[in-house]
Amino acid sequence: MNITNMPPPVVPSNLPTLVKEAFVKAQANGDLLYYPTQVAILTVGSLVFQLRYSPSLAQKPKPPKPVEPNTKPFNPFENPSPALLVAQLPPSHRLVLNKFAIVPEHFILATRDFKPQTHLLERGDLDAAYACVQAYHRVGRDLFVFFNSGDHSGASQPHRHLQLLPVDCMKYGLEAAEHGGEWAVLADKVCGREKTLPFTVFTSPINTQMNADEKHLAYLALYQRAVRAAVVNVEAVEEGEAQISYNFAMTSTCMALCPRTAEGTPIRDDMGNEIGNVALNGTVLAGTALVKNKAEWDALRTNSTSLANVLEGIGVPPTNFTGDK
């Protein structure tokens, strides 16, 4: 479908303020749940990751089940609660708060009409996401955008949505963590030098001079490279259902995409006993991981190879990863 003539997204100029005020109000009124975390800094080769631990997240409420067998599952983006709605983004998107937040001011860019999460992103999705990034950038703040697509990506909702995290909020608690000041968004650090990672990632620079079509073509080129890396003798499509699971990320200067072959991998104690399974979503491209139980938290912090093993197991192995465990 040719959508070149679609008007650009209309993003409020005061978007960061709108998000912050909506988050504070919704949290105070009990309309969203914020799960505080402990944080530690881990290194894999020369790369710096932040590990978050949130035991209360294990008690996160399950979405309501359909009353009737043939009733479709609850869709939080179809008709979002007014308490969680941040803004409408004409012509085709809306912004809503994440009801279950690990990072303060975590919000979501969702299509107004239902579109599948498993389909490739369209020009309008990327244009709206980058417009949000720029709204933050204009006031001196950075925004990390990520997208989970496919069974192995960490995706949980079938309605298409990208997730947005203010980078300063992602740093909460790092000032008290050893080496906390060394953490920065991974996608920006590896843009153009992806071979430093223990899983295959493709990156492309992005800037304000690129129009919507150029950004979309750059995304499609990343997706095509990921398909070639993950699947033998398959030609990548340019629209419709994606042929692989993958995570996509966007910052003000970089787009990154990694093919996924597993949502997570088991972790083991010093005796080789399995003590948990660490699942990762698109925040892995920011250099973050989250665990919900103490055994996983302790194992990853005390065994220097545990996180590297997890990262090596979630995607396509790079041909010449040079980091050492």
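Up top you'll find the structure we're talking about.
**Brief notes about the overall build of the protein chain**
So, point 1. When helices and strands are tallied, the protein chain shows seven helices and 15 strands.
So, point 2. Computed over its C-alpha atoms, the radius of gyration of the protein chain comes to 19 Å, within 12% of the 20 Å expected for a compact globule of 325 residues.
So, point 3. With the principal axes as the frame, the protein chain shows a C-alpha extent of 55 × 50 × 50 Å.
So, point 4. Looking at the protein chain alone, contacts between residues at least 24 apart form 68% of all its contacts between residues at least 6 apart.
So, point 5. When the accessible surface of the protein chain is totalled, it reaches about 15200 Å², and 52% of it is carbon and sulfur.
So, point 6. If you average the places of the 28 positive and of the 31 negative side-chain charges in the protein chain, the two averages end up 3 Å apart.

**Comments concerning the environment of Ser 153**
So, point 1. For Ser 153, the position within the fold is in the loop between strand E8 (143–149) and strand E9 (161–166).
So, point 2. By relative accessible area, Ser 153 is classed as buried at 0%.
So, point 3. On a C-alpha basis, the gap between Ser 153 and Ala 279 in space is 9.0 Å, while along the polypeptide they are 126 residues apart.
So, point 4. For Ser 153, the residues in contact, after removing those within four places along its chain, are Asn 148, Ser 245, Tyr 246, Asn 247, Arg 260, Leu 280, Asn 281 and Gly 282.
So, point 5. A distance of 3.0 Å separates the side chain of Ser 153 from the backbone nitrogen of Ser 149, its partner in a polar contact.

**Focus: unusual backbone geometry**
So, point 1. Of the consecutive residues Pro 90 and Pro 91, the connecting peptide bond is found in the cis state with omega at 10°.
So, point 2. Among the secondary structure elements, Pro 91 is positioned in the loop between strand E4 (85–89) and strand E5 (93–97).
So, point 3. Positive phi values are uncommon outside glycine, yet Glu 105 reaches one of about 65°.
So, point 4. Locating Glu 105 in the fold gives a position in the loop between strand E6 (100–101) and strand E7 (107–111).
So, point 5. Judged by relative accessible area, Glu 105 falls into the buried class, the value being 4%.
So, point 6. Located in the positive-phi region is Asn 233, a residue other than glycine, with phi close to 60°.
So, point 7. With respect to the secondary-structure elements, Asn 233 resides in the loop between helix H5 (212–230) and strand E11 (245–250).
So, point 8. Among the residues examined, Asn 233 registers a relative accessible area of 79% and is labelled exposed.

**Considering the sheet that holds strand E10 (residues 202–205)**
So, point 1. In space, the eight strands of this open sheet follow the order E4-E5-E7-E9-E8-E11-E12-E10, with antiparallel pairing throughout. Two strands lie at the open edges of the sheet, namely E4 and E10, each paired on one side alone. Ignoring which end each strand starts from, the neighbouring axes of this sheet average 20° apart.
So, point 2. Strand direction decides the pairing type here: E10 and strand E12 (residues 254–260), joined by four bridges, are antiparallel. Bridged to Pro 205 within E12 is Cys 254.
So, point 3. Strands E4, E5 and E7 of the sheet are contacted by helix H1 (residues 15–28), whose axis makes an angle of about 45° with E5.

**Side note on the sheet that holds strand E3 (residues 47–53)**
So, point 1. Across the sheet, which stays open at both edges, the three strands sit in the order E2-E3-E15 with mixed pairing between neighbours. Only two strands of the sheet have a single neighbouring strand rather than two, namely strand E2 (38–44) and strand E15 (288–291). Strand after strand, the sheet turns through a mean of 25° between neighbouring axes, direction not considered.

**Brief notes about the side chain of His 216**
So, point 1. Within the fold, His 216 resides in helix H5.
So, point 2. Given the relative accessible area of 15%, His 216 is considered buried.
So, point 3. If sequence neighbours within four positions are ignored, His 216 has contacts with Leu 121, Glu 122, Arg 123 and Leu 126.

**Re the environment of Pro 205**
So, point 1. Mapped onto the secondary structure, Pro 205 falls in strand E10.
So, point 2. With 46 residues separating them in the primary sequence, Pro 205 and Thr 251 have C-alpha atoms 9.4 Å apart.
So, point 3. Residues contacting Pro 205, with those up to four places away along its chain left out, are Cys 191, Met 210, Thr 253 and Cys 254.

Conventions used here
- Residues numbered from 1 in each chain as written.
- Predicted model: local features only at pLDDT ≥ 70, side-chain atom pairs only at ≥ 80, totals over all residues.
- Heavy atoms only, no water.
- Helix = DSSP H or I, 4+ residues; strand = E, 2+ residues; numbered from the N terminus.
- Rg over C-alpha atoms; globule rule 2.2 N^0.38 Å.
- Contact = heavy atoms within 4.5 Å.
- Areas by Shrake-Rupley, 256 points an atom, 1.4 Å probe, with all protein chains shown as cover.
- Lys, Arg positive; Asp, Glu negative; His and termini not counted.
- Charge placed at Lys NZ, Arg CZ, Asp CG, Glu CD.
- Buried < 20%, exposed > 50% of the residue type's maximum accessible area, 1.4 Å probe, protein only.
- Polar contact = N/O pair within 3.5 Å; in protein donor to acceptor, adjacent residues only side chain to side chain.
- Pairing = 2+ DSSP bridges.
- Axes fitted to C-alpha atoms, helices over the stretch in contact; angles between N-to-C directions.

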